[in-house]
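# Commentary on secondary and tertiary structure
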Amino acid sequence: MRRDKFLPKKYKPVFHKHIDEIQIAKGIPKGYADAMKIVSLVVPFRANNYVVEELIDWDAIPTDPIFQLTFPQPGMIPWIDHERLKDLLRKDPTGKAASLAARKIQMRMNPHPAGQVEMNVPVEDKLILRGMQHKYNETVLFFPTQGQTCHAYCTYCFRWAQFAGIDDLKFASSTIDPLIQYLNRHPEVTDVLITGGDPLVMRTKILKQYITPLLNERPGNLSTIRIGTKALAYWPYRFLTDRDADDLIRLFEEIVTAGFHFSLMSHFSHPRELETNAVKSAIGRILTTGATIRCQAPLIRHVNDDPDVWAAMWKAQTGLGMIPYYMFVERDTGPKSYFKMPLVEAYRIFTKAYNQVSGLCRTVRGPSMSATAGKVIIEGIAEINNEKVILLKFLQGRDPDWVNQIFFARYDEHASWLDELKPAFGDRRFFFENRLEEIKAEKAKFEDVASF
Ligand SMILES: *Cc1c(COP(=O)(O)O)cnc(C)c1O
Ligand code: SF4
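Residues numbered from 1 in each chain as written. Chains lettered and ligands numbered in written order. Predicted model: local features only at pLDDT ≥ 70, side-chain atom pairs only at ≥ 80, totals over all residues. Heavy atoms only, no water.

## Remarks on the site of ligand 1
Close contacts around ligand 1 come from Lys 135, Tyr 136, Thr 139, Leu 141, Arg 226, Tyr 325, Tyr 326, Lys 375 and Gln 396, and that covers them all. Within the side chain of Tyr 326, an N or O atom sits 2.6 Å from an oxygen atom of ligand 1. Here Lys 375 contributes a side-chain N or O atom positioned 3.0 Å from an oxygen atom of ligand 1. When ligand 1 is considered free in solution it has 390 Å² of accessible area, and contact with the protein chains removes 87% of it. Put simply, the parts of the chain that give the shell around ligand 1 at least two residues each are strand E5 (132-136), strand E6 (139-142) and strand E11 (323-329). A breakdown of the residues in the shell around ligand 1 according to their chemical character gives four nonpolar, two polar and three charged. (Near = heavy atom within 4 Å. Polar contact = N/O pair within 3.5 Å; in protein donor to acceptor, adjacent residues only side chain to side chain. Areas by Shrake-Rupley, 256 points an atom, 1.4 Å probe, with all protein chains shown as cover. Helix = DSSP H or I, 4+ residues; strand = E, 2+ residues; numbered from the N terminus. Nonpolar A, V, L, I, M, F, W, Y, C, P; charged D, E, K, R; others polar.)

Below is the structure:
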């Protein structure tokens, strides 16, 4: 285990009300901070003392990638909305009118992308299985109630609607029992992915209440337990010096000793997040338990839209004993116009980064879109029969028959999501679209019970 020196820290959240303090302490221009405060009425904001003290380079703002990752930026909402909110705040200093207007702006920002609730929540015998999503045969997602927030918020978060209070937590479950029953009825499931938010904001005692029954009951064909988290990037002390950090490490050991594969699916957006002594020590400590750590993040303009940044990140991850896993395309939600990258640009960045690293880093796949039909990667750009095309491939499909199938879209410089692409060679539809509509119709039968 690495023994890099780090100072213990006590977690201190940073909210909207702290922006003025930070403005003064860090020398942010006053006008810029005022604009940030207005944007934070729309884009949920939360940072913490580790992010502010150790990750952000305050000499490099506003372009510093971690500042862009965590602090609301003036360009994230249209200027006209910005001016209107400013005006409302002036007329009604209680902020009520501005909050109402902010909610309307949020509702225009596609708070529920890719049919997550309508299409992924299982319904059996007209019973909705709250807190679960089952889209791909082998893997069920589980959302524990107390794990639906994060140690800091990414400005690009695709679950932002939850933090903004648009979604309530009916989406989540406070007990693991329904999942155990579900796994017993579904022998095709081998993996459970406990996710959020960030399940590691939960105290270990609570997390244990979800995990221990899985270890004792060994339901169905469960062989892998994964936890999705950004705690290594946003709060490595969770694994080091928090009151129950040692218990957490012991829980990881218990999972591995019980014979399960345990993978921490870690969200890292930038190599900066891998540089502190705290994160290096935390990674070392987790790996001593027999856990694996797989790394994933979306490609985001202003944060990591540079092949050298990805190459450095994959190298650092491998160097620290972790496994690069996915590069995602940012979903169509929230301040997407601020962050989005055209798909062909994403492909070029991925390829240029992939070119620079050894085979051990090339476990990474991408750029991948988690679309309604499945996880689709941009596999290449080519010219076939004098037509310039984009090659796409299913890594995961809502219908498992689609997995590993290649299909072709007309070349498009601007498209930034699957539904903006047109089939190549004059085809009217992509090969999967008829079947996808059938699946949608099957799900719609349950709409009366599934609309909660
Ligand atoms: C990405 C994802 C998974 C996990 O897919 P893997 O390729 O096995 O990592 C499972 N369910 C949903 C809904 C997903 O988006
Ligand atoms: S860590 Fe994940 S869930 Fe949390 S704010 Fe970032 S993207 Fe959203």
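Still more to cover.
## A word on the packing of helix H9 (residues 177-185) against helix H10 (residues 204-217)
Running from N to C, H9 and H10 cross one another at 30°; their axes reach a closest spacing of 10 Å. Viewed along their axes, H9 and H10 adopt a mutual orientation that is roughly parallel. Seen from above, H9 lies across H10 with right-handed handedness. Here Leu 179, Ile 180 and Leu 183 of H9 come into contact with H10, specifically with Pro 213, Leu 214 and Glu 217. (Axes fitted to C-alpha atoms, helices over the stretch in contact; angles between N-to-C directions. Parallel < 35°, antiparallel > 145°, perpendicular 65-115°, else oblique. Left-handed = near helix turned anticlockwise from the far one by under 90°. Contact = heavy atoms within 4.5 Å.)

## What about the environment of Ser 223?
When you line up the elements, Ser 223 lands in the loop between H10 and strand E8 (224-229). Here Ser 223 falls in the partly exposed class, since its relative accessible area comes to 34%. With 38 residues separating them along the chain, Ser 223 and His 261 place their C-alpha atoms 6.3 Å apart. Filtering out sequence-adjacent residues up to four positions away, Ser 223 remains in contact with Thr 190, Phe 260 and His 261. (Buried < 20%, exposed > 50% of the residue type's maximum accessible area, 1.4 Å probe, protein only.)

## Section: the domain arrangement of the chain
The extent of an interface is frequently quoted as the accessible surface area lost upon association of the parts. Each assigned domain of the chain is listed here: domain 1 (12-107) and domain 2 (116-444). The gap between the C-alpha centroids of domain 1 and domain 2 is 27 Å. Taken together, the contacts link 29 residues of domain 1 with 31 residues of domain 2. Roughly 2400 Å² is buried in total at the junction of domain 1 and domain 2, and carbon and sulfur atoms are behind 62% of that figure. Among the residues domain 1 hides against domain 2, the three largest losses belong to Arg 46, Tyr 50 and Leu 69. Together they make up 29% of the total. Seen at the junction of domain 1 and domain 2, the total is one salt bridge. Asp 64 is paired through a salt bridge with Arg 272; the nearest N and O atoms lie 2.9 Å apart. Where domain 1 packs against domain 2, one counts 12 residue pairs in polar contact (both at pLDDT 80 or more). When contributions to the side of domain 1 that touches domain 2 are tallied by element, the ones reaching two or more residues are strand E2 (47-48), helix H3 (49-55), helix H4 (65-70) and helix H6 (96-107). (Domains from an automatic or database assignment. Buried area = accessible area lost by both parts, 1.4 Å probe. Salt bridge = Lys/Arg side-chain N within 4 Å of Asp/Glu carboxyl O.)

## What to know about the site of ligand 2
Every residue lining ligand 2 is accounted for by Cys 150, Tyr 153, Cys 154, Cys 157, Phe 163, Gly 197, Lys 230 and His 267. Residues of the shell around ligand 2, tallied by class, amount to five nonpolar, two polar and one charged.

## Considering the confidence of the model for the chain
Here the chain averages 93 in pLDDT, and 95% of its residues register 70 or above. Confidence drops under a pLDDT of 50 for residues 447-452, and excluding neighbours within four residues, the segment shows 10 contacts in the predicted structure. (pLDDT = per-residue confidence, 0-100.)

## Thoughts on H6
Since the α-helix turns once every 3.6 residues, residues separated by three or four places project in the same direction. Here H6 spans 17 Å end to end across 12 residues, near enough to the 16 Å set by a 1.5 Å rise per residue. Those residues of H6 that fall on the buried side of the exposure criterion are Ala 98, Ala 101, Ala 102, Ile 105 and Gln 106. The buried residues of H6 occupy an angular sector of 150° when projected down its axis, which confines them to one face. H6 presents Lys 96, Leu 100 and Lys 104 as exposed residues on the side facing more than 90 degrees away from its buried surface. Buried residues in H6 make contact with helix H5 (79-91) and helix H8 (160-163). (Expected span 1.5 Å × (residues − 1). Arc of directions from axis to C-beta.)

## Notes on a negative patch on the surface
Residues Asp 305, Asp 306, Asp 308, Glu 345 and Glu 413 make up a contiguous surface patch of negative charge. In this structure, Asp 306 sits in the loop between strand E10 (292-299) and helix H14 (307-319). Looking at Asp 306, the relative accessible area reads 31%, which means it is partly exposed. (Patch = residues over 30% accessible without salt bridge, like charges linked within 9 Å, V, L, I, M, F, W, Y side chains within 5 Å. Lys, Arg positive; Asp, Glu negative; His and termini not counted. Charge placed at Lys NZ, Arg CZ, Asp CG, Glu CD.)

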